[in-house]
Amino acid sequence: MREIHISNVSGVNLEALDEGLRALPGAPVVGISLRRGALIVHLETEADEVQADAIRSLVSGHDPQQPSAAQQARKTREAQLKSAHDDAMAARQAAAGAGDLSERVALLTRRIDWLEKLLEALVAGEKTL
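Because the structure is predicted, anything quoted here is derived from the model rather than measured.

Engineer: Looking at this structure, how should I read the packing of helix H1 (residues 14–22) against helix H2 (residues 49–60)?
Structural biologist: When two helices pack together, their arrangement is captured by the angle between the axes and the distance separating the axes. One can describe the packing of H1 onto H2 by two numbers: an axis separation of 10 Å at closest approach and a directional angle of 150°. The chirality of how H1 crosses H2 is right-handed. Where H1 abuts H2, its residues Leu17, Gly20 and Leu21 lie against Ile55, Leu58 and Val59.

Right, dumping it as structure tokens:
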């Protein structure tokens, strides 16, 4: 295995950087790690200097504030769950003052929708409220 040691890296989003490195054409990246303030990119033995230069370039342009696709998807899902939760709580309060049965059923349906989303998130191991 070959390693590229990059020092003086300030702030790293390991998940996003790993995703970016593995997306390089012909990426020989096995993984990344942090050790004593240095970023280490672990490569397959046959990685050449052109690939190593592309990796160094990607690391130097890394923005730790930019989320990976998976991080962005989790953030979006959390926002959806929060929105459904807020809607369910509003429906709960409105149900107490609802006049007719069809209005109560509609409000309870909103609450059930939130519970279904919450259960799906829990089963998937996602962060919930």
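The discussion continues.
Engineer: Hey, could you run me through the confidence of the model for the chain in this one?
Structural biologist: Should pLDDT be low for a region, the predicted coordinates there are not to be read in detail. Put simply, the chain has an average pLDDT of 85, and 98% of its residues get 70 or more. Confidence, expressed as mean pLDDT per element, reaches its minimum in the chain at helix H4 (residues 101–123) with 83 and its maximum at H1 with 92.

Engineer: Can you help me understand the sheet that holds strand E3 (residues 38–43) in this one?
Structural biologist: Pairing between the strands of a sheet is mediated by backbone hydrogen bonds and can be parallel or antiparallel. An order of E1-E3-E2 is seen for the three strands of this open sheet, with the pairing classed as antiparallel. The two strands at the open ends of the sheet, each matched to only one other strand, are strand E1 (2–6) and strand E2 (29–35). Mean inter-strand twist for the sheet, computed between neighbouring axes without regard to direction, equals 20°. Of the strand pairs in this sheet, E1 and E3 are connected by five bridges, and their pairing is antiparallel. Its bridge partner lying in E3, Ile4 is registered against Val41. Running over the sheet, H1 touches E2 and E3 and is turned about 150° from E2.

Engineer: I would appreciate a short explanation of the environment of Arg104 in the present structure.
Structural biologist: Following the sequence through the fold, Arg104 ends up in helix H4. Distance in space between the C-alpha atoms of Arg104 and Ala94 is 8.4 Å, their sequence separation being 10 residues.

Engineer: When you look at the domain arrangement of the chain in this model, what are you seeing that I'm missing?
Structural biologist: Quoted interface sizes are often the accessible area lost when the parts come together. Partitioning the chain into domains gives domain 1 (2–60) and domain 2 (69–123). For domain 1 versus domain 2, the distance between C-alpha centres works out to 42 Å. Between domain 1 and domain 2, the contact holds four residues from the first and four residues from the second. Roughly 290 Å² of surface becomes buried between domain 1 and domain 2 when both sides are summed, with 20% attributable to carbon and sulfur atoms. Of all residues in domain 1, Asn13, Glu15 and Glu19 bury the most surface against domain 2, accounting for 95% of the area lost on that side. Across the pair Arg74 and Glu15 runs a salt bridge whose closest N-O atoms are separated by 3.0 Å.

Reading the values: rules and limits
One numbering rule holds for all chains: residues counted from 1, following each sequence as written. Owing to the predicted nature of the model, reporting of local features is limited to residues with pLDDT of at least 70; listing and counting of side-chain atom pairs is limited to 80 or more, with chain, interface and lining totals taken over all residues. Side-chain measures were taken over the full set of non-hydrogen atoms in the model, leaving aside hydrogen atoms and water. Axis geometry follows a simple rule: fit a line to the C-alpha atoms, using only the stretch in contact for helices, then measure angles between N-to-C directions, giving values from 0 to 180 degrees. Helix and strand definitions follow DSSP, with helices as H or I runs of at least four residues and strands as E runs of at least two, each counted in order from the N terminus. In a left-handed crossing the near helix is turned counterclockwise from the far helix by less than a right angle, and in a right-handed crossing that turn is clockwise. Residues are treated as being in contact if the distance between any of their heavy atoms lies within 4.5 Å. Confidence scores labelled pLDDT are given residue by residue by the predictor and lie between 0 and 100. For two strands to pair, DSSP has to find at least two bridges joining them. Each domain's extent is set by a domain assignment, obtained either automatically or from a database. When two parts are put together, the accessible area they lose, computed with a 1.4 Å probe and summed over both, is reported as buried area. Counted as salt bridges are all cases of a side-chain nitrogen of Lys or Arg within 4 Å of a carboxyl oxygen of Asp or Glu.

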